[in-house]
Structure formats: structure tokens, C-alpha cells
Amino acid sequence: MSNADNKRKTEALFEFIRRLALKNRLDPDNAVKIFTTLLQATDGKGLSDEELSEITKLRQGEIRNVLRMLYSLRMVGYRRGRHPTTGATRYYWYPDYTGINMSLYWRKKKVLEKLRQRLEYEESNTFFRCPTDGLRYTFEEAFEFDFTCPKCNTMLVEEDNSRVKEYLRKRIAMLEEEIRRDEELLRAP
Ligand SMILES: [Zn+2]
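Description of the structure in this document. (Residues numbered from 1 in each chain as written. Predicted model: local features only at pLDDT ≥ 70, side-chain atom pairs only at ≥ 80, totals over all residues. Heavy atoms only, no water.)

Quick look at the overall build of the protein
Item 1. Helix and strand counts for the protein stand at seven helices and six strands.
Item 2. Taken from the N to the C terminus, the helices and strands of the protein come in the order α-α-β-α-α-β-β-α-β-β-α-β-α.
Item 3. Taking 16 Å as the expected radius of gyration for a compact globule of 189 residues, we find that the protein reaches 24 Å, considerably beyond that expectation.
Item 4. Considering only C-alpha atoms, the protein reaches an extent of 80 × 40 × 25 Å along its principal axes.
Item 5. In the protein, buried positions account for 35% of the 189 residues.
Item 6. Residue pairs in contact within the protein that sit at least 24 positions apart in sequence constitute 51% of those at least 6 positions apart.
Item 7. With the model as given, the accessible surface of the protein reaches about 12600 Å², and the carbon-plus-sulfur share is 52%.
Item 8. Here the protein holds 36 positive side-chain charges and 31 negative ones, and the gap between their average locations is 8 Å. (Helix = DSSP H or I, 4+ residues; strand = E, 2+ residues; numbered from the N terminus. Rg over C-alpha atoms; globule rule 2.2 N^0.38 Å. Buried < 20%, exposed > 50% of the residue type's maximum accessible area, 1.4 Å probe, protein only. Contact = heavy atoms within 4.5 Å. Areas by Shrake-Rupley, 256 points an atom, 1.4 Å probe, with all protein chains shown as cover. Lys, Arg positive; Asp, Glu negative; His and termini not counted. Charge placed at Lys NZ, Arg CZ, Asp CG, Glu CD.)

Structure, rendered in C-alpha cells:
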């Protein structure tokens, strides 16, 4: 993979984690921070929540919530170990790359579905726009309001949405290509 591909993949991954965190009422930046710390711990032993807390300066409670969220999608795994001095059971967390790739793959499929629905909506409707405040109406809505903006009474003008459609088609084609490549990789032994 090229550097640009890698960078885009990392950005997509962090964006995905931010969204997940927001959905789970967790701080998105801290979630990314915790995940990045795990990615950077390259010795393979993994990090305990105590060690994660020392490195990130975040509370262990918050760290455990983020780990639980990531574990529910198998984006991280853990192994049981012993505390080096007290001997108590501890869990060492590490990134699970198969789970990460699977999560990104399903996220892309969902985005693709949304983009296709949006394109279908744009293709099957005619739109009108208010030149004063930029509000947008479907043909049915504009018809209902006698083709004047209900907010400011300005005459509505028909909108050319061909650029929107063109943009959506391009995004869809790119994503389809990415998904095709992901499927090849996921199928590879
Ligand atoms: Zn208006």
C-alpha cells in the first residue's frame, strides 16, 4: 500500500472510532488517544489499563469503557497476565488487525448504501431553491407553496443538481473499488 493509501486508511479508522465514541457517549479524542497508544505499543505484549492510564494520563474507568467498546467490535483483543510485582491477574490489551479491517469494511458498506440512497433521491426528484436564503425544496414542496419560498416569499428557481449527482457517482465508484479491494484482502488466506 502507498503512503497516501495508508494515511487515508488511518484517517478513516480514527473517524470511525470518533463516531463510535460519540454513539457510546465517550470522549472521541480520548478514545482515539487510547487506540493510538495501543497501536504504538509495538512489543506485542500489549498494555494493561494501568499502563494505558500512565501513558495517556486518562482515568482507568474511561480507559476501560473505551476498551470495552473496541472489544465489542473485536478491534482489540486481550490476554491474561500477572502484575509483575503483586502477581494479581491483569489484562493486557492489543490491537486486533483482523477485527479492525472487518469493522472498516462494514462501515464502508454502510456508507455506500447511504450514498446510493442519496443518489437515487437526487435522481428521482426535481429541486427548487430560494435565491435569497438558499433553502431547498422538492418539486412537491415547491408546488405546495406555489413556487415561492414560505420563509421569505421570494420566487423559487429550479435547481440543476447534476454536479451533486456527478459528485455522488464519483464517491460511489471510489468506494465500490475500495470495497472490492478489501474483499480480496479479507478473502486472502
Ligand atoms: Zn427564502
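Examining the pattern of salt bridges
Opposite charge on two side chains permits them to pair, given that their charged atoms come into close proximity.
Item 1. Counted under the stated rule, the structure contains 17 salt bridges.
Item 2. The partner of E15 in a salt bridge is R19, and the shortest N-O contact between them spans 3.1 Å. Here the residue E15 and the residue R19 both occupy positions in helix 1 (residues 3–23), the gap between them amounting to four residues, near one helical turn.
Item 3. Residue R19 is classed as partly exposed on the basis of its relative accessible area, which comes to 43%.
Item 4. A salt bridge links R136 to E122, with the nearest nitrogen and oxygen atoms 2.9 Å apart. Of this pair, R136 sits in strand 5 (residues 136–138) while E122 sits in helix 5 (residues 97–124), and the two are 14 residues apart along the sequence.
Item 5. Residue R136 is classed as partly exposed on the basis of its relative accessible area, which comes to 26%.
Item 6. One salt-bridge network, in which partners are shared between bridges, spans R118, E122, R129, R136 and E159. (Salt bridge = Lys/Arg side-chain N within 4 Å of Asp/Glu carboxyl O.)

Focus: the side chain of N125
Item 1. Structurally, N125 is set in the loop between helix 5 and strand 4 (127–129).
Item 2. Polar contacts involving the side chain of N125 include one to the main-chain carbonyl oxygen of Y121, which spans 2.9 Å.
Item 3. Discounting residues that sit within four places of it in the chain, N125 has contacts with T138, E140 and N161. (Polar contact = N/O pair within 3.5 Å; in protein donor to acceptor, adjacent residues only side chain to side chain.)

Take it as geometry only, folks, not as evidence of what the structure does.
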